[in-house]
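Remarks on the overall topology
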Amino acid sequence: MLNTQPKSFRKEGYCLFEEVLTSQEIETIRNELDKAIANLPKKQIIYKDGVDKEVDARPEYMVEPHPKNAFWLDVCRHPRVLDTVESLLGPDLILIMSHLIVKVPEDGLPVAWHQDNTYWHSVDGTDVVTVWLAIDDTDVSNGCMQVIPCTHEGYPEMEKVETGKDDLLGLTVEVTAEMLAAAVPLEMKAGSLSVHDSFVLHGSEANTSGRRRAAYTMRYANANTVTIDTKEHWVPVYLVRGQGGADEKQYVDARPGRTVPVTPS
Ligand SMILES: O=C(O)CCC(=O)C(=O)O
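What this report covers is the structure whose coordinates are included nearby. Values in this document were obtained by computation on a predicted structure and should not be read as measured data.

Conventions we followed
Residues numbered from 1 in each chain as written. Predicted model: local features only at pLDDT ≥ 70, side-chain atom pairs only at ≥ 80, totals over all residues. Helix = DSSP H or I, 4+ residues; strand = E, 2+ residues; numbered from the N terminus. Rg over C-alpha atoms; globule rule 2.2 N^0.38 Å. Buried ≥ 20, exposed ≤ 12 C-beta atoms within 10 Å, placed from the backbone. Contact = placed C-beta atoms within 7 Å. Near = placed C-beta within 6 Å. Nonpolar A, V, L, I, M, F, W, Y, C, P; charged D, E, K, R; others polar. Pairing = 2+ DSSP bridges.

What follows deals with the overall build of the chain. In terms of regular secondary structure, the chain is built from five helices and 18 strands. Against the globule reference of 18 Å for 265 residues, the chain gives a C-alpha radius of gyration of 17 Å, in line with a compact fold. The dimensions of the chain, computed from C-alpha atoms along their principal axes, are 45 × 45 × 35 Å. Counting every position in the chain, which comprises 265 residues, the buried fraction comes to 43%. For the chain, long-range pairs separated by at least 24 residues make up 80% of all intrachain contacts whose partners lie at least 6 apart in sequence.

Encoded structure:
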């Protein structure tokens, strides 16, 4: 059964929050997203098949917009988005990454089963989550996210194998038929969001429908229990709420009321 109870997040490994942003806020986000898609460069560098490589640009690969554009940083700092994260991780929060993943109609890449945390070697700790904000309505036919509940239990680091297919990561965790049968599709209206644990298995099918499927994924951690190797980490780490703990000086202060410099590329 779909988990919408924050108190069950630790056990289930995910939670869905409905109607967090208004339709007007989503309209503004869609307009900014359309501009970003129109301005995509021809090539992008992405992490795929276990290495950084240059590929033909696709709107699934719009990684880390928030250090370059204050609009996306403000979405990551949105009070109602942060309230959902605080309800799961507590009041001291850092923003560590973000990624716009847009699957165009009829040709949207699948995302194979994976655990986020095993890709992030600069991140040490388990109180790490991804907020997956629906910018378009999403369901099974346009490739909504799916999660296999409870697979984060004990925080195992599962082995990855090559998919040999055209998908977002090029690598997958092999799942059993039993695990597949337990997968929960996170169908939701634009403005709703899900939050998943960085060790829980998740992925999504290709978009073969005639409708776009756009999402903004924003990754947060508990500032007291998670350590980021900021020399190795590829983007600045932002303190977005509460206190920054022992490493506070290494973070950009992006708490409410602070003006934060961005570096357009
Ligand atoms: O957008 C998707 O389909 C996958 C997203 C994902 O894997 C993530 O947010 O970690």
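With that settled, consider the site of the ligand. As a structural note, the neighbourhood of the ligand is formed by Ile101, Val111, Asp116, Thr130, Trp132, Met145, His202, Ser204, Ala215 and Thr217. Elements with a contribution of two residues or more to the shell around the ligand: β8 (128-134), β14 (201-204) and β15 (213-222). Of the residues belonging to the shell around the ligand, the class tally is five nonpolar, four polar and one charged.

The four strands lie next to each other as β6-β14-β9-β12, forming an open sheet whose pairing is antiparallel. Looking along the sheet, the strands with just one partner apiece sit at the ends: β6 (111-114) and β12 (184-185). Taken together, the two bridges between strand β9 (residues 145-148) and β12 define a ladder with antiparallel strand orientation. Within β12, the position partnered with glutamine 146 by the bridge is proline 185.

With five of its five residues buried, strand β13 (residues 193-197) lies for the most part within the structure. Side chains Leu193, Val195 and Asp197 of β13 all project onto a buried face; the interleaved residues Ser194 and His196 project onto the opposite face, where all are buried too. Bridge count between strand β1 (residues 14-17) and β13: four bridges; the pairing is antiparallel. Counterpart to phenylalanine 17 in the pairing with β13 is leucine 193. The pairing of β8 with β13 spans five bridges and is antiparallel. Looking across to β13, one finds that valine 131 is bridged to valine 195.

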